[in-house]
Structure formats: C-alpha cells, structure tokens
Amino acid sequence: SAVISQKPSRDICQRGTSLTIQCQVDSQVTMMFWYRQQPGQSLTLIATANQGSEATYESGFVIDKFPISRPNLTFSTLTVSNMSPEDSSIYLCSVTPPPGPAVGKNIQYFGAGTRLSVL
Amino acid sequence: SQQGEEDPQALSIQEGENATMNCSYKTSINNLQWYRQNSGRGLVHLILIRSNEREKHSGRLRVTLDTSKKSSSLLITASRAADTASYFCATASITTGGGNKLTFGTGTQLKVEL
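First things first, this report covers the structure right here in the doc.

Rules of the game
Residues numbered from 1 in each chain as written. Chains lettered and ligands numbered in written order. Predicted model: local features only at pLDDT ≥ 70, side-chain atom pairs only at ≥ 80, totals over all residues. Heavy atoms only, no water. Helix = DSSP H or I, 4+ residues; strand = E, 2+ residues; numbered from the N terminus. Rg over C-alpha atoms; globule rule 2.2 N^0.38 Å. Buried < 20%, exposed > 50% of the residue type's maximum accessible area, 1.4 Å probe, protein only. Contact = heavy atoms within 4.5 Å. Areas by Shrake-Rupley, 256 points an atom, 1.4 Å probe, with all protein chains shown as cover. Lys, Arg positive; Asp, Glu negative; His and termini not counted. Charge placed at Lys NZ, Arg CZ, Asp CG, Glu CD. Pairing = 2+ DSSP bridges. Phe/Tyr/Trp six-rings, centres within 6.5 Å; stacked < 30°, edge-to-face > 60°. Disulfide = S-S within 2.5 Å.

1. Brief notes about the overall build of chain A
- Of regular secondary structure, chain A possesses zero helices and 11 strands.
- Written out in order from the N terminus, the α and β elements of chain A read β-β-β-β-β-β-β-β-β-β-β.
- Relative to its length of 119 residues, chain A is compact, with a C-alpha radius of gyration of 14 Å against a globular reference of 14 Å.
- Its C-alpha atoms put chain A at 45 × 30 × 25 Å along the principal axes.

2. Focus on the overall build of chain B
- For chain B, the helix and strand inventory stands at zero helices and 11 strands.
- The N-to-C order of helical and strand elements in chain B reads β-β-β-β-β-β-β-β-β-β-β.
- The C-alpha atoms of chain B give a radius of gyration of 14 Å, which matches the 13 Å a tight globule of 114 residues would have.
- Taken over the C-alpha atoms alone, chain B extends approximately 45 × 30 × 20 Å along its principal axes.
- Residues counted as buried form 46% of the 114 residues belonging to chain B.
- A fraction of 54% describes how many contacts in chain B between residues 6 or more apart in sequence connect residues 24 or more apart.
- For chain B, the accessible surface area stands at approximately 5,500 Å², while carbon and sulfur atoms represent 44% of it.
- Looking at charge distribution, chain B has the averaged site of its 13 positive side-chain charges lying 7 Å from that of its 10 negative ones.

3. A closer look at the pairing of strand β3 (residues 19-25) of chain A
All names here are of chain A.
- Covered by surrounding structure in β3 are Leu19, Ile21, Cys23 and Val25 only, the residues Thr20, Gln22 and Gln24 on the alternate face being uncovered.
- Direction of pairing for strand β1 (residues 4-7) relative to β3: antiparallel, over a ladder of four bridges. Within β3, the position partnered with Gln6 by the bridge is Cys23.
- Sheet topology note: the β3/strand β8 (residues 75-80) ladder contains six bridges and is antiparallel. In the sheet register, Gln24 faces β8, and the bridge partner there is Phe75.

4. Some details on the packing of aromatic side chains
Residues and elements named next belong to chain A.
- Counted according to the given criterion, the structure contains seven aromatic pairs over all chains.
- Measuring from centroid to centroid gives 5.6 Å for Tyr35 and Phe110, while their planes differ by 45°, and the two rings are tilted. Here the residue Tyr35 occupies a position in strand β4 (residues 32-37), and Phe110 occupies one in strand β10 (residues 109-110), the gap between them amounting to 75 residues.
- Note on Phe61 and Phe66: the rings are 5.7 Å apart at their centroids and 65° apart in plane angle, and the pair reads as edge-to-face. Comparing Phe61 with Phe66 shows no difference in burial state: the two are buried.

5. Remarks on the side chain of Ser81(A)
Residues and elements named next belong to chain A.
- Position of Ser81 relative to the elements: it lies in the loop between β8 and β9 (89-95).
- Given the relative accessible area of 13%, Ser81 is considered buried.
- Sequence-distant contacts of Ser81, defined by excluding residues within four places in its chain, comprise Thr17, Ser18, Asp64, Lys65 and Pro67.

6. Description of the state of the cysteines
Residues and elements named next belong to chain A.
- Following the criterion strictly, the structure yields two disulfides over all chains and no others.
- The side chain of Cys23 participates in a disulfide bridge whose partner is Cys93; the two sulfur atoms lie 1.9 Å from each other. Measuring handedness by torsion sign, the sulfur bridge of Cys23 and Cys93 sits at about 65° and is right-handed. Taken together, the residues Cys23 in strand β3 and Cys93 in strand β9 connect sequence positions 70 residues apart. Like Cys93, Cys23 is buried.
- Looking at Cys13, it has no disulfide partner, and the nearest cysteine sulfur is the one in Cys93, 17 Å off.

7. Quick look at the pairing of strand β7 (residues 61-66) of chain B
All names here are of chain B.
- Sheet topology places strand β6 (residues 55-58) next to β7; four bridges connect them, and they run antiparallel. In the strand pairing of β7, Lys56 is matched with Val63.
- Counted along the chain from β6 to the antiparallel partner β7, the turn is two residues long, and its residue Gly59 has a positive phi close to 60°.
- Of the pairings in the sheet, the one linking β7 to strand β8 (residues 71-76) comprises six bridges and is antiparallel in character. Residue pairing across strands places Asp66 opposite Ser71, the latter belonging to β8.
- Taken together, β7 and the strand that follows it, β8, pair antiparallel across an intervening segment of four residues, in which Lys70 is found at a positive phi of about 55°.

So, in structure tokens, the structure goes:
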C-alpha cells in the first residue's frame with residue numbers, strides 16, 4: 001500500500017483567489033489522480049498527473065482552472081484558480097500502488113482530502 | 001455522467017443486521033471495486049471482483065457480480081456501528097490520455113445504529 005499525505009486538510013477562501021493543494025506519497029508511484037467531490041456527491045476525476053509532462057484532463061476540466069504539477073514520482077500539486085463558491089468541494093488525490101499484488105488491478109489509494117469552502 | 005448508479009441512496013439499519021447495497025454500470029469492465037468513505041475522509045479500498053468472477057468474500061463482506069445485467073451488490077453481514085460510512089462502487093476504464101481511471105457510482109450512505 002501507499003501512504004498519502006494531503007494538505008491543507010481544509011481551507012476557507014475568498015472568491016477570486018487561488019489555492020494550491022499538495023499531495024505527497026511515501027513511495028514512488030506511476031499514476032497520480034486528482035478528483036473533486038462536490039457536497040453529497042460522488043467523485044469526479046479532474047485529471048491524471050503525469051510525471052515529466054502535462055496533466056491529462058477529463059472532459060469539463062481545463063488547465064487554466066486546475067493547473068497541476070508533478071515534478072517527481074512522489075509529489076503533485078493541484079491549484080484551484082480564480083475560485084468561486086461553485087468550487088466548494090472536497091478535492092482528493094489518489095495513486096496507483098507501487099509494484100506488488102495490486103498492480104494492474106486499478107486499485108487506488110486515496111489521501112484524506114482537502115475540504116475547500118469558497119465565500 | 002456517472003458510470004455507476006447505486007441504490008439505495010441511504011440505508012439505516014440496526015447493529016447486527018445485514019446491509020445490502022447495489023450498483024449498476026453501463027459499459028464493459030475488467031473489474032469492479034467497492035470503496036468506503038468515512039465522513040470527511042478519503043476513500044478506502046474494500047474489495048475487487050474480476051469480470052470473470054461471480055462472487056467474492058472478504059471477512060464480513062460479500063460481493064456479487066452479474067455481467068449480463070451489469071450489476072453488482074455488496075453485502076455487509078453482522079453490521080457494526082463502525083461500518084457507518086458511504087460506500088461507492090467503481091469501474092475501471094481508459095482515460096483520454098490512454099491510462100486507467102476509476103469511475104465511481106453515486107454512493108450509498110449507510111448508518112448503523114446501536
């Protein structure tokens with residue numbers, strides 16, 4: 001398994017500002033993902049963070065709004081830019097595990113999430 | 001749009017009873033997974049069932065898969081108050097970038113009362 005530290009755990013932000021969320025993994029992983037979970041809803045994939053190249057965004061999400069960095073195999077950041085109240089959500093990072101029994105099964109390990117409230 | 005639809009949306013039972021949650025999906029899958037999310041926390045992987053399997057057990061968990069009906073069920077036996085959480089099914093597919101991603105169902109909120 002992988003241990004994932006995500007911070008901040010929560011924040012309250014003003015409209016129009018930006019917040020950068022960090023995701024640190026205790027081992028090198030191939031794939032890192034960023035999800036959004038709106039209040040009372042399921043998870044929606046924002047993008048896949050690729051090491052050494054641009055993130056791959058899902059339909060409905062764009063780089064200008066959610067820039068992502070992945071400088072190495074253990075760390076990634078997601079920025080929520082020019083925030084509005086509609087961005088109030090829990091943002092979660094996840095990883096596919098290091099080599100082992102779970103590889104190839106698409107099992108993901110999740111951070112505890114960042115609860116964002118935009119006023 | 002969500003791949004998986006789950007029902008019920010919410011379920012309240014007494015400790016010791018069994019809880020059953022259902023998940024339906026739309027596309028072909030390699031495997032289907034169930035995750036648990038405690039309030040305000042990240043998701044924890046519970047169990048995975050492959051497309052060529054029909055039933056799988058892990059402790060108090062029993063998962064079934066019917067690929068002809070594109071549906072799965074999660075049964076938690078002898079429930080405990082600590083089982084109170086949201087439960088999500090997830091199916092794997094290929095991302096626009098060619099990698100793998102999970103698509104989560106709408107979730108079932110389970111409350112186990114003492």
